[in-house]
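Listed below, chain by chain, are the residues.
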Amino acid sequence: MLLKNKVIIITGASKGLGVAMAEVCAQQGARVVMAARSKGLLEELESKIKKAGGEALSVICDVSKPADLKHLVESAVDAFGRIDGLINNAGVNYVKSALEVTEEEWDRVMAVDLKGSFFLTQLCARQMLKQKDPGGSIVQIASVHTHASLEGAAPYDAAKCGMVGFSKAVAVELADKGVRVNVLSPGLCRTEIWKDIVAAAPSESECWDYWNANIPAKKLIEPEEIANACLFLLSDLSSSITGANLMADHGMTSLLVSREPYASKSIEGG
Ligand SMILES: NC(=O)c1ccc[n+]([C@@H]2O[C@H](COP(=O)([O-])OP(=O)(O)OC[C@H]3O[C@@H](n4cnc5c(N)ncnc54)[C@H](O)[C@@H]3O)[C@@H](O)[C@H]2O)c1
């Protein structure tokens, strides 16, 4: 087991990618501390993990509220005595023309995606440094939008790129103290987002035609695949990796938009 007895906090664990992260970490022996705003879904997941023989704790937490973050960290330490890992997964996606974004909307995205993840990183890192056997691993869930952008994504992209920026700074500051900080940037995953994209398309097959042309692997990323990448970054398998921004995107960000649609005779070997 890659995370035997490690205490791992996962935010936004009530749905989407966070559920797979909690399940995969628990299957690998972690004591998972699952945070979200809604009690019902969290408690369902907690009892499912416990029935399967795992250890789990649910904590109600709005990551945009500093007092909730403090309560989350204290609850984890009260229950399990330490913190070994954190996945800052909670996030709000946001699509609106940059010309129309209000100050309130900007502040909301920053409060959840950027400020929440920074201050939870700070609280967890302080705990990781003061406990017996200091050290730990922190994973920020950003996006392929940290590589390139789309119209309408200005606040989201500012927040996700901000996560990369502060993570590098914290990774450098804590590297010789045993705390690693990395970013995992997913491409398009099979979550509610995909359902919304299909619902907005003229047909599902037309939607697939578009995405098959834009994702080299021609498939969506399953939540378990993102969870497994987190598992790698949380575990000692990635012991030399800190300050990285790893794309989990089935090749999407490596694809040239301006690729030739035909084989040019002027290129040797083409
Ligand atoms: N699904 C994708 O295709 C995709 C792609 C790239 C990046 N991401 C990122 O992955 C993460 C998870 O995405 P998802 O698709 O599972 O989204 P989701 O909307 O299904 O889940 C997000 C989770 O964050 C929680 N959350 C939102 N605001 C919160 C707050 N203030 N306090 C606490 N929890 C809060 C939600 O309740 C939910 O549990 C997000 O950070 C998202 O930006 C997702």
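Quantities reported herein were computed from a predicted structural model and do not represent experimental measurements.

Student: Report on the pattern of salt bridges, specifying residues and quantitative values.
Tutor: Scanning all chains against the criterion turns up nine salt bridges. The partner of K70 in a salt bridge is E74, and the shortest N-O contact between them spans 3.2 Å. Placement of the pair is K70 and E74 together in helix α3 (residues 66-80), with a separation of four residues, close to one helical turn.

Student: Requested: an account of the sheet that holds strand β3 (residues 55-60), with residues and values cited.
Tutor: The seven strands are arranged β3-β2-β1-β4-β5-β6-β7 in an open sheet whose pairing can be described as parallel. Bordering the open sheet on either side are β3 and β7 (245-248), each of which pairs with just one other strand. When the angles between neighbouring strand axes are averaged without regard to direction, this sheet yields 20°. Pairing of strand β1 (residues 7-11) with strand β2 (residues 31-36), which is carried by five bridges, proceeds in the parallel orientation. Within β2, the position partnered with I10 by the bridge is M34. Relative to strand β4 (residues 85-88), helix α4 (residues 103-130) is tilted by about 180°, and along the sheet it contacts β1, β4, β5 (136-141) and β6 (179-186).

Student: Quick rundown of the pairing of β6? Include the residues and the values.
Tutor: Both faces of the sheet carry side chains from a regular strand, because those side chains alternate between them. Most of β6 sits inside the fold, with eight of its eight residues counted as buried. What joins β5 to β6 is helix α5 (residues 154-174), and the crossover it makes is right-handed. Across four bridges, β6 lies against β7 in parallel orientation. Residue pairing in the sheet places S185 in a bridge with M247 of β7.

Student: I'd like a description of the side chain of T11, backed by residues and values.
Tutor: Here T11 shows up in strand β1. Note on T11: relative accessible area 1%, which makes it buried. Of the polar contacts made by the side chain of T11, one reaches the backbone nitrogen of N89; its length is 2.9 Å. Among residues more than four places away in sequence, those in contact with T11 are A35, V63, L72, I87, N88, N89, A90 and L120.

Student: Tell me about the environment of L72, and name the residues and values.
Tutor: Residue placement: L72 occurs in helix α3. A residue is classified by how much of its surface remains accessible, and L72, at 0% relative accessible area, is buried. When the C-alpha positions of L72 and C161 are compared, they lie 25 Å apart, and in sequence the two are 89 residues distant. Look past the residues within four positions of L72 in its chain and what remains in contact with it is I9, T11, V33, A35, V59, C61 and L120.

Student: I'd like a rundown of the packing of aromatic side chains, residues and numbers included.
Tutor: Throughout the structure, instances matching the rule amount to four aromatic pairs. Aromatic pair Y210 and W211: ring centres 5.0 Å apart, planes at 90°, arrangement edge-to-face.

Student: Give a detailed account of empty space enclosed by the protein, specifying residues and quantitative values.
Tutor: Evaluation of the coordinates by the stated rule reveals one cavity of 30 Å³ or more. For the largest cavity, the calculated volume is near 40 Å³. As for the largest cavity, its lining consists of T11, V63, N88, N89, A90, V112, D113, G116, S117 and M163. No other element matches the four residues that α4 contributes to the lining of the largest cavity.

Student: Mind laying out the side chain of S167, listing which residues take part and the relevant values?
Tutor: Note that S167 resides in helix α5. When its relative accessible area of 1% is taken as the criterion, S167 is described as buried. Apart from residues lying up to four places away in sequence, S167 is in contact with Q140, V181 and V183.

Student: So what about the site of the ligand? Which residues, and what values?
Tutor: Around the ligand sit 26 residues, and of these L17, D62, N89, Y156 and C189 come closest. A distance of 2.8 Å is found between an oxygen atom of the ligand and a backbone nitrogen or oxygen belonging to L17. Taken by itself the ligand offers 820 Å² of open surface, and the protein chains cover 92% of this. Breaking the shell around the ligand down by element, the ones donating at least two residues are α4 and α5. Split into classes, the residues belonging to the shell around the ligand amount to 13 nonpolar, eight polar and five charged.

Definitions and limits used
Residues numbered from 1 in each chain as written. Predicted model: local features only at pLDDT ≥ 70, side-chain atom pairs only at ≥ 80, totals over all residues. Heavy atoms only, no water. Salt bridge = Lys/Arg side-chain N within 4 Å of Asp/Glu carboxyl O. Helix = DSSP H or I, 4+ residues; strand = E, 2+ residues; numbered from the N terminus. Pairing = 2+ DSSP bridges. Axes fitted to C-alpha atoms, helices over the stretch in contact; angles between N-to-C directions. Contact = heavy atoms within 4.5 Å. Buried < 20%, exposed > 50% of the residue type's maximum accessible area, 1.4 Å probe, protein only. Right-handed = clockwise from strand over helix to strand, strands pointing away. Polar contact = N/O pair within 3.5 Å; in protein donor to acceptor, adjacent residues only side chain to side chain. Phe/Tyr/Trp six-rings, centres within 6.5 Å; stacked < 30°, edge-to-face > 60°. 1 Å grid on protein atoms, 1.4 Å probe; cavity = no way out; pocket = protein on both sides within 12 Å on 5 of 7 lines; lining within 4 Å. Points joined across faces, edges and corners; volume = space filled by probe spheres on them. Near = heavy atom within 4 Å. Areas by Shrake-Rupley, 256 points an atom, 1.4 Å probe, with all protein chains shown as cover. Nonpolar A, V, L, I, M, F, W, Y, C, P; charged D, E, K, R; others polar.

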